[in-house]
Structure formats: C-alpha cells, structure tokens
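Architecture and fold: a report
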Amino acid sequence: MSLTPEQVLQLAPDAASAKAGQGLAVPAKWPTLGQSDSALWGECQGSGSKPYQVQIDLGGGPAFRCTCPSRKFPCKHGLALLLLQVRKPDAIATTEPPAWVAEWLASRQQRAARQEEKKTQAEPPATTADPGTAAKREAKRLERMAAGAAELRRWLEDQVRQGIGNLADPKTDWRALAARMVDAQAPGLAFRVRKLGEIAGSGGDWPARLLAAMGRLALLLDAFDRFADLPSPVQADVRAALGWPLDKDEVLAQGERWTDLWEVLGCQIEENERLWERRVWLRGRESGRHALLLDFAHGNPVFAQPFLVGSALRLTLAYYPGTRPSRALLVAGPEAGGSAHFPAQTLDDEWTALAQGIAANPWQNPWPLAVPAAVPGYDDGGWALYTAEGGRLPLVLAEGEGWRLMALSGGMPMGVFGEWDGEKLLPLSAWAPELVWTGGQR
C-alpha cells in the first residue's frame with residue numbers, strides 16, 4: 001500500500017487527533033518499531049508505566065489497534081505510526097511480526113474469512129419468520145405511510161393555493177411537519193420536508209428552487225399512490241426515497257453482484273444529532289460504473305472499513321435494486337489495487353449520464369460528478385469552477401479550503417470530483433493529474 005501523508009490524515013476522526021498524530025510521528029517517540037509486507041507495529045511511551053502497543057493491518061485497509069484508552073478511532077498513536085512509515089519508511093526495520101502482532105493479524109484473518117463466508121452463502125431472509133406476520137407488519141406500515149403521505153399532499157396543495165411567500169417566515173414549523181412524517185414511518189418524506197425548510201427564504205431565487213423541490217415531492221407522493229402498479233425497479237426507487245429500503249440481508253442475497261477494481265474518488269462524512277453518515281463514492285476502472293457505499297455510526301464517526309480517497313481496491317459489491325442502481329453493499333474484499341486515476345470521460349459525457357440518471361430516478365440526491373478540466377476561482381457569486389467549455393459551476397466550499405484549492409491549481413485546469421445536488425457541486429477530491437486535494441470530510 002502506497003499512501004501519502006494527506007491520505008493518512010483523511011483517517012483522523014477530528015482535527016485534534018490529526019495534529020497530535022503529526023507531533024508523535026517521529027522515531028524518537030517510539031522505543032520499538034517494525035514492519036512487514038502486511039503489517040506495521042510499534043510501541044509508544046504514553047503517560048502510563050507501559051508503552052502503548054500500536055498495530056496496523058495494511059492489507060486493504062488500513063485497520064488499527066492500540067492499547068491506549070482513547071475512544072477515538074484511529075487514535076493519535078495509530079495515525080502517528082502510519083504517518084511515520086509514510087514519511088520515513090527507512091526508519092522502520094523490516095522483520096517478522098512479534099507474537100502480539102501475529103496473533104492479532106491471525107484473528108483478523110479468521111474473522112474476515114467467517115464474514116466473507118457468511119456473505120457469500122447468504123440465503124433469502126425470513127426463513128424462520130412467519131410470512132403472515134411479516135405481511136401484516138408491512139400492511140400496517142403502508143397504512144401509516146399512506147396517512148402521512150395524504151397529510152403531506154394536503155399541506156402541499158394548501159401552500160400552492162395560498163402562495164408560498166409565507167413559507168419564508170421563521171415561524172414556519174418545519175420540524176413539526178417532519179416529525180409527523182417520522183411518526184408515519186416515512187423518514188424519507190421527513191428528510192425532504194426539512195430540505196424545503198432550508199430552501200425557504202435562502203437566496204434570492206428561493207421561490208423557484210422551493211417550487212421545484214415541492215414538485216419533486218409531489219411526484220414522489222403520486223408514485224406512492226400508484227406503488228402497486230409500478231415496475232419493480234421503480235418500486236425500489238420509491239421505497240428508497242420514502243426511507244423504506246430493503247433489508248441488507250435481502251440485498252446481499254438478491255442484489256446484483258459486481259466485482260471490479262474500484263477507485264475511491266470521494267468520501268463525505270456528516271453528523272446530524274450524533275448520527276454520523278459516511279458516503280464513499282467508487283468508480284469501477286473496468287466497468288465505468290459508479291457505486292455508493294453508505295454507512296452510519298452513532299456517537300462517534302467510527303466505521304468498520306476505512307476507504308482512502310485516491311486508492312484502488314478489488315471489491316465485490318451487491319447493488320440495491322433500482323432503475324439505475326448506485327447504492328451498494330460490500331460483499332468481498334478489499335484487496336489493495338494501487339492508486340486511483342481520475343475518470344477519462346468528457347464533461348459532456350458526465351452531464352449526459354447525470355441527466356439520464358435524474359430522468360430515471362428524480363429522487364436520488366446527490367449525484368456523483370467528475371469535472372475533467374476546470375480552474376477554481378472566486379467571484380461575486382462565491383467559489384466556483386470555470387470549465388474548459390466556458391461553463392461556471394458554483395461550489396459548496398469553505399473559504400479556507402477554497403483558497404487552498406485555488407493555490408494547488410495555480411491557475412491551471414484540474415480534475416474535480418464531487419457531489420452535485422442540482423444547483424451546486426460539493427468538491428470531494430481534486431486531481432492534477434494525481435490526487436492533490438481531498439475535502440468534504442465534515
């Protein structure tokens with residue numbers, strides 16, 4: 001595995017850990033150090049009498065383990081050890097792993113083998129559940145969702161009839177309406193109601209954007225009314241938009257499986273009321289397909305499998321069903337596959353693929369977008385990308401990161417990958433031609 005210091009720092013759970021890890025990334029802080037083809041280890045003297053034992057599995061991960069009491073993951077010691085190896089590989093002797101490292105590696109391999117066997121042998125679910133009970137439960141949920149959808153439709157019709165000017169009033173209780181959609185077991189509708197609240201009164205063109213969002217919401221309610229008559233892929237899209245996705249076991253058992261050398265083009269981590277959401281965007285080098293790995297963690301942003309932007313991994317994925325499937329689950333892997341490359345498609349190709357995707361599934365958001373040659377800049381409208389075709393794409397970018405991105409560009413075109421929400425691009429990585437910048441980590 002060949003990493004850069006920037007890629008290592010992507011793994012830091014917060015800025016404080018990244019700073020502390022850089023301070024410990026010097027040989028003098030480590031009484032013992034060692035590495036092999038698949039692992040890295042060392043002992044770091046902390047505040048206790050015994051040094052902390054730090055281990056890193058480099059096979060497809062990296063994966064960390066440290067005996068320090070920190071609840072952050074990876075901790076500053078793990079980050080420091082990996083940073084030290086990246087910056088000064090000759091400072092770490094290559095040798096056989098000691099017993100405490102070998103035992104941990106062996107246990108990881110055994111656990112991975114068991115998990116892979118379980119996934120590859122996944123059987124259709126509900127073998128023991130009573131089908132009648134499951135049908136009653138689903139019918140009850142559909143009834144609640146229908147009641148919530150009917151209330152939301154009446155609300156939309158009232159707003160259109162009365163005019164949407166009042167929706168910019170701060171007294172508009174969006175949270176209460178969203179909460180009722182949660183009670184109706186339709187969290188996807190609640191999410192869209194909260195988004196309407198974010199648009200109302202925001203920016204000079206908010207009425208047009210709000211009407212467009214209300215139109216997509218009305219289209220979703222129409223689709224739900226005709227749910228039983230829709231083709232299966234469209235039903236799957238509607239279920240996902242309503243926040244009623246298939247169970248993971250069903251996806252593993254029935255979803256389309258695809259093995260490829262997947263290039264990690266972007267990663268976005270966001271927090272909402274202590275619930276952390278991670279979106280990892282992949283692109284198959286051999287197939288050109290996109291895939292989105294969506295993970296959640298409560299309390300702390302700790303995820304079982306790390307993904308480094310700029311790396312390539314051999315993976316087998318199982319896609320959720322849909323008209324243009326993108327969300328997927330990891331089935332097998334990862335095996336390290338070197339470095340990622342920026343997609344070779346033209347911007348016209350990207351826009352065409354995006355338009356086809358929105359036409360097939362208007363409720364998916366955001367969409368991946370790779371802009372192959374653009375110069376970042378700042379104007380009266382804020383940060384933007386100026387494309388080689390003469391276009392301007394507004395960016396969602398903090399001021400400090402904007403200046404950094406512009407400095408890395410040096411006024412020359414660069415490739416930028418990010419999430420397109422229909423109005424703005426959230427940049428997640430920049431390439432010139434190799435990876436030079438990552439963002440969007442919260």
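Remember, it's a predicted structure, so these values are computed and weren't measured experimentally. (Residues numbered from 1 in each chain as written. Predicted model: local features only at pLDDT ≥ 70, side-chain atom pairs only at ≥ 80, totals over all residues. Heavy atoms only, no water.)

1. So, the overall build of the chain
Per the secondary structure count, the chain includes 12 helices and 15 strands. In terms of overall dimensions, the chain is globule-like: its C-alpha atoms have a radius of gyration of 24 Å, near the 22 Å expected for 442 residues. Referenced to the eigenvectors of the C-alpha coordinate spread, the extents of the chain come out at roughly 75 × 60 × 45 Å. Counting only residues that meet the buried cut, the chain has 45% of its 442 residues in that class. Considering only contacts within the chain whose residues lie at least 6 apart along the sequence, 61% involve residues at least 24 apart. (Helix = DSSP H or I, 4+ residues; strand = E, 2+ residues; numbered from the N terminus. Rg over C-alpha atoms; globule rule 2.2 N^0.38 Å. Buried < 20%, exposed > 50% of the residue type's maximum accessible area, 1.4 Å probe, protein only. Contact = heavy atoms within 4.5 Å.)

2. Notes on the side chain of histidine 77
Tracing the sequence through the fold places histidine 77 in helix H3 (residues 76–87). Judged by relative accessible area, histidine 77 falls into the buried class, the value being 5%. If we skip the residues at most four places from it in the chain, histidine 77 touches Leu24, Trp30, Cys44, Tyr52, Val54, Cys66 and Cys68.

3. Observations concerning the nonpolar core
If you look at the biggest cluster of nonpolar residues, it comprises 34 residues, and the most contacted ones within it are Leu152, Trp155, Leu189, Leu196, Leu210 and Val238. Secondary-structure elements contributing two or more residues to this core are helix H5 (131–162), helix H6 (174–183), helix H7 (187–199), helix H8 (206–225) and helix H9 (232–242). The biggest single contributor to this core is H8, with 9 residues. Setting aside chain neighbours within four positions, we find valine 238 in contact with Leu220, Ala223, Phe224, Phe227, Leu230 and Trp363. Of all hydrophobic cores here, the second largest spans 24 residues; its members include Leu3, Leu33, Cys44 and Leu58. (Core = buried A, V, L, I, M, F, W, Y, C linked by side-chain atoms within 4.5 Å.)

4. Here we look at the packing of H8 against H9
Running from N to C, H8 and H9 point in directions that differ by 125°, and their axes come no closer than 10 Å. If you check the angle between H8 and H9, you find them oblique. In the crossing of H8 with H9, the sense of the turn from one axis to the other is left-handed. Counting all contacts with H8, which are made through Leu220, Ala223 and Phe224, the residues of H9 involved are Val238, Ala241 and Leu242. Its residues placed into classes, the contact of H8 with H9 shows 6 nonpolar, no polar and no charged. (Axes fitted to C-alpha atoms, helices over the stretch in contact; angles between N-to-C directions. Parallel < 35°, antiparallel > 145°, perpendicular 65-115°, else oblique. Left-handed = near helix turned anticlockwise from the far one by under 90°. Nonpolar A, V, L, I, M, F, W, Y, C, P; charged D, E, K, R; others polar.)

5. Remarks on the packing of helix H2 (residues 15–24) against H3
Working note: a packed helix pair is described by the angle between its axes plus the distance between those axes. Across the interface, H2 lies against H3 with an axial gap of 7 Å and an inter-helix angle of 50°. On the basis of the axis angle, H2 is oblique to H3. Note on packing geometry: the crossing formed by H2 with H3 is right-handed. Residue-level inspection shows Ser17, Ala18, Ala20, Gly21, Gln22 and Leu24 of H2 in contact with H3, the latter providing Lys76, His77, Leu79, Ala80, Leu83 and Arg87.

6. Here's the deal with the pairing of strand E14 (residues 425–431)
The buried fraction of E14 amounts to 7 of the 7 residues, a majority that puts the element mostly inside the structure. Two elements, strand E13 (residues 414–420) and E14, share 6 bridges in a ladder whose sense is antiparallel. Paired with glutamate 419 across the two strands is leucine 426, which belongs to E14. Between E13 and E14, which pair antiparallel one after the other, the connecting turn spans 4 residues, and glycine 422 there sits at a positive phi close to 100°. Where E14 and strand E15 (residues 435–438) come together, 3 bridges link them in antiparallel fashion. Considered in E15, the bridge of serine 429 is made with threonine 438. As consecutive antiparallel partners, E14 and E15 are separated by 3 residues. (Pairing = 2+ DSSP bridges.)

7. Notes on the packing of aromatic side chains
Per the counting criterion, the structure on display carries 7 aromatic pairs. Pairing tryptophan 383 with tryptophan 403 gives two aromatic rings, centres 5.0 Å apart and planes at 85°, and the pair type is edge-to-face. One end of the pair, tryptophan 383, is in strand E11 (residues 382–387); the other, tryptophan 403, is in helix H12 (residues 399–409), with 20 residues separating them in the sequence. For tryptophan 403, a relative accessible area of 45% gives the class partly exposed. These aromatic residues form a ring-pair network of at least three members: Tyr378, Trp383 and Trp403. Lying across the ring of tryptophan 244, arginine 239 places its NZ or CZ 3.9 Å from the centre. Here arginine 289 stacks its cationic end above the ring of tryptophan 258, 4.7 Å away from the centre of that ring. (Phe/Tyr/Trp six-rings, centres within 6.5 Å; stacked < 30°, edge-to-face > 60°. Lys NZ or Arg CZ within 6 Å of the ring centre and 35° of its normal.)

8. Remarks on the environment of leucine 242
With respect to the element layout, leucine 242 can be found in helix H9. Leucine 242 sits in the buried class, given a relative accessible area of 2%. With residues up to four places along the chain from it excluded, the contact list for leucine 242 reads Met145, Ala186, Pro187, Gly188, Leu189, Leu220 and Phe224.

9. Concerning the side chain of glutamate 419
With respect to the helices and strands, glutamate 419 occurs in strand E13. For glutamate 419, a relative accessible area of 4% gives the class buried. A distance of 2.8 Å separates polar atoms of two side chains, one belonging to glutamate 419 and the other to arginine 279. Those residues in contact with glutamate 419, other than ones at most four positions away along the chain, are Gln268, Arg279, Trp281, Pro366, Trp367, Lys424, Leu425, Leu426 and Leu428. (Polar contact = N/O pair within 3.5 Å; in protein donor to acceptor, adjacent residues only side chain to side chain.)

10. Regarding the sheet that holds E15
The strand order across the open sheet built from 6 strands is E12-E11-E10-E13-E14-E15, with neighbouring strands paired in antiparallel fashion. Bordering the open sheet on either side are strand E12 (392–394) and E15, each of which pairs with just one other strand. Averaged over neighbouring strand pairs, the angle between their axes works out to 45° when direction is ignored. H12 rests against strand E10 (367–379), E11, E13, E14 and E15 of the sheet, and its axis sits at about 170° to E15.

11. Examining the pairing of strand E9 (residues 327–339)
Taken together, the 2 bridges between strand E7 (residues 290–298) and E9 define a ladder with parallel strand orientation. The residue of E9 that forms the bridge with leucine 292 is arginine 327. Bridge analysis of strand E8 (residues 311–319) against E9 gives 7 bridges, and the strand direction is antiparallel. Each residue of the ladder has a partner; that of serine 311, found in E9, is serine 339.

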